[in-house]
Structure formats: structure tokens, C-alpha cells
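Topology and contacts: notes
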Amino acid sequence: MNTVADRLRPLTGHRLFWPALVLVVMIAANAIHRPGFLAIEIKNGHLYGTPIDILRLSAPLILVALGMTLVIATGGIDLSVGSLCAISGAIACLHISEAPDQNSLATVSTALALAVGAALVLGAWNGVLVAVIGIQPIIATLILMVAGRGLAQLITEGQIITINSGPYRAIGLGHVLTLPLAIVIALAAALLVAAFTRRTALGLIVESVGGNAEASRLAGIRSSRTIFLVYVVSAGCAAVAGFMMTANVSSADGNAAGLWVELDAILAVVIGGTSLAGGRFSLSGTILGALIIQTLTTTVYAMNISPQTSLLFKAVVVIAVCLIQSPAFRATLTRRRRGGPPRPAPRRREKEQVPA
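Residues numbered from 1 in each chain as written. Predicted model: local features only at pLDDT ≥ 70, side-chain atom pairs only at ≥ 80, totals over all residues. Heavy atoms only, no water.

1. Here's the deal with the nonpolar core
Soluble globular proteins tend to bury their nonpolar side chains together. Keep this limit in mind: Only buried residues count toward a nonpolar core. Its members are Ala, Val, Leu, Ile, Met, Phe, Trp, Tyr and Cys residues joined through side-chain atoms within 4.5 Å. Exposed residues in this analysis have more than 50% of their type's maximum accessible area, buried residues have under 20%, and partly exposed residues fall in between, with area computed by a 1.4 Å probe over protein chains only. By definition, any uninterrupted DSSP run of H or I lasting at least four residues is a helix, any uninterrupted run of E lasting at least two residues is a strand, and each is numbered from the N terminus. Contacts are assigned to residue pairs that have any heavy atoms within 4.5 Å of one another.
Of all hydrophobic cores here, the largest spans 80 residues; its most connected members are Val64, Met68, Cys85 and Tyr168. With 12 residues, helix 3 (residues 50-73) is the largest single contributor of residues to this core. Not counting chain neighbours up to four residues away, the residues in contact with Cys85 comprise Val64, Ala238, Ala241, Gly242, Met245, Gly258 and Val261.

And the structure:
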């Protein structure tokens, strides 16, 4: 007769089960601590509530993490996404601040185009360093991580650029069909990436390159072109995330915008079940990981814990999720709970008989 554990094994064995369980537990704990945590209401035709705020604030991280997922799937890493967020936001806000009419759609569109173009060029720079020159991804992107932050400071001249543009503010705080526009943009980006990676051969190519780039090249796949492409896509996602970050506060701070978002993106990808060694990846797992991180951040703030200490709680939760996702760790706990299998008795070596 099958036990309950045997019946639940297909469910618990799914790679998204444990991250989803952690998210449900965190939401339940918040609901118990704050009875109105799950309350959602409509004001002026827009949805408001803590769950909506979590989704809206998760949108920039989801965008960055989507690009990071593709990079990690190829066996690489992109540490420059935070600096790219700061650069794109600084370029957009600088152009808008110098325009005579900051509420002009043409002005905002031009600012967005300039910022995205600059981010794509910098993403191509990362791609050339990794795919063409052959520099290790962590070193190549670390260069832009450091230099890019200085470039953002150079664009803003070390000052905080403040703007008063309604169309640009709508990127972070606007609404479409009662939902925040940031959620709609993140959802559209996720569907677009999923369509290209799951409905075409691109996803298999990315996974094959991450699994074994040399074998993929021998099979006829242009590995260098694929690696170049994912870094460009990652930069584009970071640029849009930078728009959201700066639109939320209607200002660009080259020093603070996108700070440490690359670490949160990597954590979201790992929590979602994508291996840092490359190969198979999970976009839905990445989105789930981003929601876990943002829910944790909201929980820490609601408990009146200082932002500096929140990093410790985030590390604890990430370690816990990674451990319970590990089959080896769960197997070890199961053996200890059951007392472990009996150790086999050591075999006695038979004496060799010497023929007379």
C-alpha cells in the first residue's frame, strides 16, 4: 500500500514546489501578523493593497532576473545589471530634465530610446568580452559593474537629477486596466522571453551552450553568437528596470539606483531552480524567486527592522530555500529521522589456500 509520502512524492519532487511553499508560508505569516495584509481594494478605478504593492515593487527585479536567467543558463554571470539600471535611468532623466516640456510624449520617448540604446551598446560590450575575446564572465561584467557606476555618476555629475514628468512617472506608478503599469510591463517581458525560449529553438540552444559550449559548437551551434545575444538581452531588461526604479521616485541617483540588484537577481534565479553551472533554466522559477525576495523585504520593513539588517534575513531565507531544494539534504534528513539504514557487517577476507 502506498503511503502518503509516496503519493505526495510527485508533487514534492517538482522543482517549484519548495519555493512556492516558502512563499505561501511567508504570506500566511504576514497575514497572521497583520490581519489586513491580504486586503485589496479599488480606489479611483485602481487596485491597491499590500499584495499589489509587492507585485509592483517586484517588477524591476523580475525584469533583471529574466535577463540574468538567460545569462546563467549559458554558464555565465552578469554583475553589471545594477550599473546598467543606474546608467539608463540617469540618461533618461537627464534628457527629460533638459527638455522645455517634460510632459511631452516625444521627449519621454526619445529619452527612453537613448537610454535603451546606450544599455544595449554596453550589453554588447559585455558580450564581446565574453564571447569573442574569451574573458571569464565574472571578470568581464565586474569591469562594467565598477566602471558603469562611475559612468552613471559622470552623467549626473554626482548630483540627484529630479524631474517632473507625468508620462515618465507612469512607468513606475501608472495604472492600466486597474493594474499598475509596472506589473503589466514585467508580465509582457516574461511572456515575450518565454515565447522566444519555449516556442522556438532558442531555449534549447541556450541550454545546450550552457551544458557544453564546445559540444554545441561541434554540433553546428554558434555558441559565441548565443552568448553575445544573452548579454544584450540582459542589458535591455536592466534598462527597462532602471526606468521603473527612477520613475518611482521621479529622480536619478547614479550612486543608489539599482544598487545590489544584481545580487537579488542572482538569488532569484538560484531560488527558482536554475543551476549556476548552466544548462536547463526555469523562467517561472525565477519569477517565483523574485516574489520571494520582495515579499521578504516587505516583511522585514513591516516588522520595523532596519534595512541594513534585512540583508541578514534575506541570506537566511535563501540558504533555507536552497537547502530544502537539495535532494541530498532532504535525503540526509530522512535517513536521520528514520534512524538510518543498518550498516553492513564488514566482510572477512578468506585465507588463500596454498596448494600442497
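2. Things to note about the packing of helix 5 (residues 105-133) against helix 11 (residues 223-249)
Rules: Lines fitted to C-alpha atoms define the axes, with helix axes restricted to the stretch in contact, and inter-axis angles between N-to-C directions lie between 0 and 180 degrees. By definition, any crossing whose near helix is turned counterclockwise from its far helix by less than a right angle is left-handed, and any crossing with a clockwise turn is right-handed. The residue classification treats Ala, Val, Leu, Ile, Met, Phe, Trp, Tyr, Cys and Pro as nonpolar and Asp, Glu, Lys and Arg as charged. All others, Gly included, are polar.
At a minimum axis separation of 7 Å, helix 5 and helix 11 run at an interaxial angle of 145°. Here helix 5 and helix 11 pass one another in a crossing that is right-handed. Contacts between helix 5 and helix 11 involve Leu112, Ala115, Val116, Ala119, Leu120, Gly123, Ala124, Asn126, Gly127, Val128, Val130 and Ala131 from the first element and Ser224, Ile227, Phe228, Tyr231, Val232, Ala235, Gly236, Ala239 and Phe243 from the second. When grouped by side-chain class, the residues that make up the contact of helix 5 with helix 11 number 16 nonpolar, 5 polar and no charged.

3. Some thoughts on the environment of Thr246
Our working rule: Any pair of nitrogen or oxygen atoms within 3.5 Å is treated as a polar contact; in protein, a donor-acceptor pairing is required on top of that, and neighbouring residues in sequence qualify only through side-chain atoms on both sides.
Mapped onto the elements of the fold, Thr246 is located in helix 11. Classification of Thr246 as buried rests on a relative accessible area of 2%. Considering only alpha carbons, one finds Thr246 and Ala257, 11 residues apart in sequence, at a separation of 7.2 Å. Residues within four places of Thr246 in sequence aside, it is in contact with Gly89, Cys93, Tyr168, Ser251 and Ala252. Within the structure, the side chain of Thr246 is placed 2.5 Å from the side chain of Tyr168, a separation counted as a polar contact.

4. Considering the pattern of salt bridges
For clarity, the cut-off: Every case where a carboxyl oxygen of Asp or Glu lies within 4 Å of a side-chain nitrogen of Lys or Arg is listed as a salt bridge.
Enumeration over the complete set of coordinates arrives at 2 salt bridges. With a closest N to O distance of 3.3 Å, Glu207 and Arg198 form a salt bridge. Overall, Glu207 belongs to the buried group, its relative accessible area being 16%.

5. What about the packing of aromatic side chains?
The line we're drawing: Stacked, tilted and edge-to-face are the three classes assigned to paired rings of Phe, Tyr and Trp, where Trp is represented by its six-membered ring and a pair needs centres within 6.5 Å; plane angles under 30 degrees give stacked, over 60 edge-to-face, the rest tilted. A ring is considered to have a charge above it if a Lys NZ or an Arg CZ atom is located within 6 Å of its centre and within 35 degrees of its normal.
In total, this model carries 2 aromatic pairs according to the counting rule given. Ring plane angle 80° and centroid distance 4.9 Å describe the contact between Phe17 and Trp18, whose orientation is recorded as edge-to-face. Judged by centre distance (6.5 Å) and plane angle (70°), the rings of Tyr168 and Phe243 are edge-to-face. In this pair, Tyr168 is assigned in helix 7 (residues 166-173) and Phe243 in helix 11, connecting sequence segments 75 residues apart. The exposure class assigned to Phe243 is buried, which follows from its relative accessible area of 5%. Looking at Arg198, its charged tip hangs above the ring of Phe281, at a distance of 4.2 Å from the centre.

6. Section: the state of the cysteines
Note the following rule: The disulfide criterion used throughout: a pair of cysteine sulfur atoms within 2.5 Å.
Tallying each qualifying case throughout the model produces 0 disulfides. Here Cys237 is not cross-linked by a disulfide; its sulfur's nearest cysteine counterpart is in Cys85, at 9.9 Å.

7. Re a nonpolar patch on the surface
To be explicit about the condition: Exposure above 30% relative accessible area and the absence of a salt bridge qualify a residue for a patch, where like charges join within 9 Å and nonpolar side chains (Val, Leu, Ile, Met, Phe, Trp, Tyr) within 5 Å. Each accessible area is a Shrake-Rupley result for a 1.4 Å probe, and residues are judged covered by the shown protein chains and nothing else.
A cluster of nonpolar side chains, namely Ile138, Ile139, Leu142, Ile143 and Val146, defines an oily patch on the protein surface of about 420 Å² accessible area. Relative to the assigned elements, Leu142 resides in helix 6 (residues 137-156). By relative accessible area, which is 36% here, Leu142 ends up partly exposed.

Honestly, it's all geometry; don't read function into it.
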